[in-house]
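One-letter residues, chain by chain:
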Amino acid sequence: MSLPFQNRRRALSKRLEASRLDCLLVGHAPNWFYFTGFTGDAGLLVVSRSGATLVTDGRFNVQAKQETSGTRIVVQKVTLFEAAGQFLREAGFRRIGFDPTQLTVAQLKVVKRAAGKRCQWIPAPGMVEALRMCKEPVEIALMRKAAVLAGEILEGVLSLLMPGVRESEVAAEIEYQMRKRGAEGPSFPSIVAFGERSALPHARPTAKRLGKNELVVLDLGVILGHYCSDMTRTVYAGRAPERVRRWYAAVLEAEQAAIAAVRAGATCGEVDAAARGVLAGHRLERYFVHSTGHGLGLEVHEEPRVARGQKHQLESGNVITIEPGVYVPGVGGIRIEDDVAVHADRSEVLTRVPRDLIEL
Ligand code: ZN
Ligand code: ZN
């Protein structure tokens, strides 16, 4: 599946025109990939109304030529930011947009000095992220595959959850299966948390062994065809006691309410409130310590944020996670997470794993 790099550059060009910018400095790897297909990890892309130029170093010259088309490659002879500044000066660009959240003070100083005094530097935060937020059908097709693969891997490791297995062993198997089954890798370090550790929303796998009657949180995602998935299931090693069943049912109800609230036109704040409202109804809101979800795409966390009060109105092409949870310190946590794409007239859950409580 080929990605429409040229259309994306054209879409940015229109935005540059509207903001009266000659060009935008793109210094974030997922963003230069978005416009060119270049997967190298060092460079700076300049997208102007007339074309795109990638400044990179000698290590990436061949790769950049192979991966991109319609993009000029400049191999730096001085430092990256000096070279980019020299290019901007030679190209005669005057009004240069940059994202202040993606450039350090030191980098900006160097590039400004090299570009010369005649340039005006205009902060343009989030310009590329706004474009990336609306996925094309080809991107959603890739994300569907990434979501399905994550689900298959998650279901595949359930059989490992026997008493005595270590969190790190399960995580290793998860990430081995990802590579083996064609993924570029995990979209974030997989979370495998047993017992009390499941109450830590971002637990890193340890040598802890699975005991009897413990909660298990598995949160994982793959990068497949450059796009990320991210999903969570919680299982119980043993027969779940009454309070765990109650918490699980509440989290599931919250997740379903939030998924039902996902539609074009709804705000992210409304989706968050749908989940939070259900948990409040069960007097569990204080145990829900993070936001309901986040955008997903080339990066595992991107725009839009699905959090309290967020005004962004969902539109066709947005892909978000829905992941309410309940974390009771000293006892354990429960989270259920799925990936949801917004279409004009409906929403689509991309992840395909049943959500009922699994007792092993
Ligand atoms: Zn996750
Ligand atoms: Zn997530």
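Our structure is the block above this text.
Now for a look at the structure at hand. (Residues numbered from 1 in each chain as written. Chains lettered and ligands numbered in written order. Predicted model: local features only at pLDDT ≥ 70, side-chain atom pairs only at ≥ 80, totals over all residues. Heavy atoms only, no water.)

Quick notes on the pairing of strand 4 (residues 71-75)
Alright, step 1. Note: strand 3 (residues 52-56) against strand 4, 5 bridges, orientation parallel. When the sheet's bridge partners are listed, T53 is paired in strand 4 with R72.
Alright, step 2. In this region the chain leaves strand 3, passes through helix 3 (residues 61-67) and returns to the parallel neighbour strand 4; the handedness of that crossover is right-handed. (Pairing = 2+ DSSP bridges. Helix = DSSP H or I, 4+ residues; strand = E, 2+ residues; numbered from the N terminus. Right-handed = clockwise from strand over helix to strand, strands pointing away.)

Side note on the coordination of the zinc ion (ligand 1)
Alright, step 1. Around the zinc ion (ligand 1), the protein contributes the donor atoms D219 (OD), D219 (OD), D230 (OD) and E337 (OE), which lie 2.0 to 2.5 Å from the metal centre.
Alright, step 2. Each of the 4 donor atoms bound to the zinc ion (ligand 1) contributes to angles spanning 56 to 148°, and the resulting shape is irregular.
Alright, step 3. Binding-site remark: the zinc ion (ligand 1) is held by donors from one chain whose sequence spacing is D-x10-D-x106-E. (Donors = N, O, S within 2.8 Å, 3.2 Å for Na, K, Ca; no water. Tetrahedral: all angles 85-135°; square planar, octahedral: opposite > 155°, others 65-115°.)

Quick look at the coordination of the zinc ion (ligand 2)
Alright, step 1. Protein-derived coordination of the zinc ion (ligand 2) comes from D230 (OD), H294 (NE2), E323 (OE) and E337 (OE), at a distance range of 2.1 Å.
Alright, step 2. Written as a sequence motif, the donor arrangement for the zinc ion (ligand 2) is D-x63-H-x28-E-x13-E.
Alright, step 3. Here the zinc ion (ligand 2) and the zinc ion (ligand 1) are spaced 3.2 Å apart, with D230 acting as a shared donor. Of this pair, D230 sits in the loop between strand 11 (227-228) and strand 12 (231-237) while E337 sits in the loop between strand 17 (332-335) and strand 18 (338-342), and the two are 107 residues apart along the sequence. This pair shows no difference in class: D230 is buried, exactly as E337 is. (Buried < 20%, exposed > 50% of the residue type's maximum accessible area, 1.4 Å probe, protein only.)

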